[in-house]
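Understanding the architecture of this molecule
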Amino acid sequence: MKLAVLVSGRGSNLQALIDACKTDDFPAEIVLVLSNKEDAYGLERAQAADIPTAALDHKNFEDRESFDTAMSEQIDASGAELVCLAGFMRLLSDGFVRRWRDRLINIHPSLLPAFKGLHVHERVIEEGARFSGCTVHFVRPAMDEGPIITQAVVPVHPDDEPDDLAARILEQEHVIYPRAVRYIAEGRVRISAERVLIENHQLPDGSLRSPAR
Ligand code: GRF
């Protein structure tokens, strides 16, 4: 399956996808890395891996819709079948989300639907939550909403600063994002009544489970 990855910055999740795609049996390849920032480090990571890149500065566009249309054109031209948001820090127009419906996924550093939005780790610590984690989900028009594909849980330690928690979660992000892409690329994912069903889902004990029909 051909992937486009959208980044705005560091691109460590992009790197996890690049590394996964290099492994022998991984069923996807990245055909485009697109950024709204010319100096995003993610673009350098892509170039180092010989992946085509594009940078579109949103400031050069009249409005969100025309910027999103230009992005869609680039993605179309690349032949990508699945669009992965990986630290892409711009809100997407409803038109873009509709255009890529069920082919657009995002990673968020909390256990959705808890702690949507920004400054997640600060809020998790402030609320005294004992666990946090990360979520890969299909994108819907509302921010950080949409059918959940996979999640990972991490403990929140009593002396955690936001950066400590962010780092513990990021490690798991790098595990679950390639896993979600694999499930989709293997054709094992379907959405039924806005819930994701995965064929042969591997449970923590190693056993496989398919959704009831
Ligand atoms: C990650 O924490 C991701 O969950 C969030 O933005 C951050 C991006 O990090 N959406 P990176 O650019 O992938 O390193």
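Residues numbered from 1 in each chain as written. Predicted model: local features only at pLDDT ≥ 70, side-chain atom pairs only at ≥ 80, totals over all residues. Heavy atoms only, no water.

Things to note about helix α3 (residues 64-78)
With 15 residues, α3 extends 21 Å between its outermost C-alpha atoms, agreeing within 8% with the 21 Å of an ideal straight helix rising 1.5 Å per residue. Every buried residue belonging to α3 is among F67, D68, A70, M71, S72, I75 and S78, and all of these are buried. Buried residues in α3 make contact with β1 (2-7), β2 (29-35), β4 (82-85) and α4 (94-99). At the C-terminal side of α3, G79 shows a positive phi close to 85°. (Helix = DSSP H or I, 4+ residues; strand = E, 2+ residues; numbered from the N terminus. Expected span 1.5 Å × (residues − 1). Buried < 20%, exposed > 50% of the residue type's maximum accessible area, 1.4 Å probe, protein only. Contact = heavy atoms within 4.5 Å.)

Some words on the packing of helix α1 (residues 12-22) against helix α6 (residues 162-185)
Interhelical geometry of α1 versus α6 gives an angle of 50° and a closest axis separation of 9 Å. On the basis of their axis angle, the class for α1 and α6 is oblique. Here α1 runs over α6; the crossing is right-handed. Counted together, S12, N13, A16, L17 and A20 of α1 and L170, E173, H174, Y177, P178 and V181 of α6 form the full contact between these two elements. (Axes fitted to C-alpha atoms, helices over the stretch in contact; angles between N-to-C directions. Parallel < 35°, antiparallel > 145°, perpendicular 65-115°, else oblique. Left-handed = near helix turned anticlockwise from the far one by under 90°.)

Describing the site of the ligand
In the vicinity of the ligand, the contacting residues are R10, G11, S12, N13, G87, I107, H108, P109 and E173. Side-chain polar atom of S12 to an oxygen atom of the ligand: 2.5 Å apart, as the coordinates give it. Contact distances for the ligand include 2.7 Å between an oxygen atom and a side-chain N or O atom of E173. When isolated, the ligand has an accessible area of 360 Å², and the protein chains bury 85% of it. Residue assignment for the shell around the ligand shows that the elements contributing at least two residues are α1 and β5 (104-108). Of the residues in the shell around the ligand, the class split is 2 nonpolar, 5 polar and 2 charged. (Near = heavy atom within 4 Å. Polar contact = N/O pair within 3.5 Å; in protein donor to acceptor, adjacent residues only side chain to side chain. Areas by Shrake-Rupley, 256 points an atom, 1.4 Å probe, with all protein chains shown as cover. Nonpolar A, V, L, I, M, F, W, Y, C, P; charged D, E, K, R; others polar.)

Some points on the pairing of β2
Within β2, 6 of the 7 residues are buried, which leaves the element mostly enclosed by the surrounding structure. Sheet topology places β1 next to β2; 6 bridges connect them, and they run parallel. The residue bridging L3 from the neighbouring strand is I30, located in β2. On the question of chirality, the crossover connecting β1 to the parallel β2 by way of α1 is right-handed. Examined bridge by bridge, β2 and strand β3 (residues 53-55) share 3 bridges and lie parallel to one another. The residue bridging V33 from the neighbouring strand is T53, located in β3. Once the chain exits β2 it traverses helix α2 (residues 41-48) before rejoining the sheet at β3, and the crossover so formed is right-handed. (Pairing = 2+ DSSP bridges. Right-handed = clockwise from strand over helix to strand, strands pointing away.)

Structural notes on the sheet that holds β1
Strand order in this open sheet of 7 strands is β3-β2-β1-β4-β5-β6-β7, and the pairing throughout is mixed. The sheet terminates laterally at β3 and β7 (148-155), the two strands that pair on one side only. Pairwise comparison of adjacent strand axes, ignoring direction, gives a mean angle of 20° for this sheet. Lying on the sheet, α3 is in contact with β1, β2, β3 and β4; it crosses β2 at an angle near 160°. Its contacts with the sheet put α6 on β1, β4, β5, β6 (131-138) and β7, and the angle it makes with β7 is roughly 155°.

So, the packing of helix α5 (residues 120-127) against α6
One way to put it is that α5 packs onto α6 with a least axis distance of 9 Å and a crossing angle of 110°. Our classification of the angle between α5 and α6 gives roughly perpendicular. Of the two possible hands of crossing, α5 and α6 adopt the one that is right-handed. Where α5 approaches α6, its residues H121, E122, V124 and I125 are matched on the opposing element by P162, L165, A166 and I169. Residue classes in the contact of α5 with α6 are distributed as 6 nonpolar, 1 polar and 1 charged.

A look at α5
The complete set of buried residues in α5 reads V120, H121 and V124. Looking straight down α5, one finds that the buried residues subtend no more than 90° of arc, so they occupy a single side. Check the buried side of α5 and you find it contacts β5, β6 and α6. One or two residues past the end of α5 sits G128, with phi positive at roughly 75°. (Arc of directions from axis to C-beta.)

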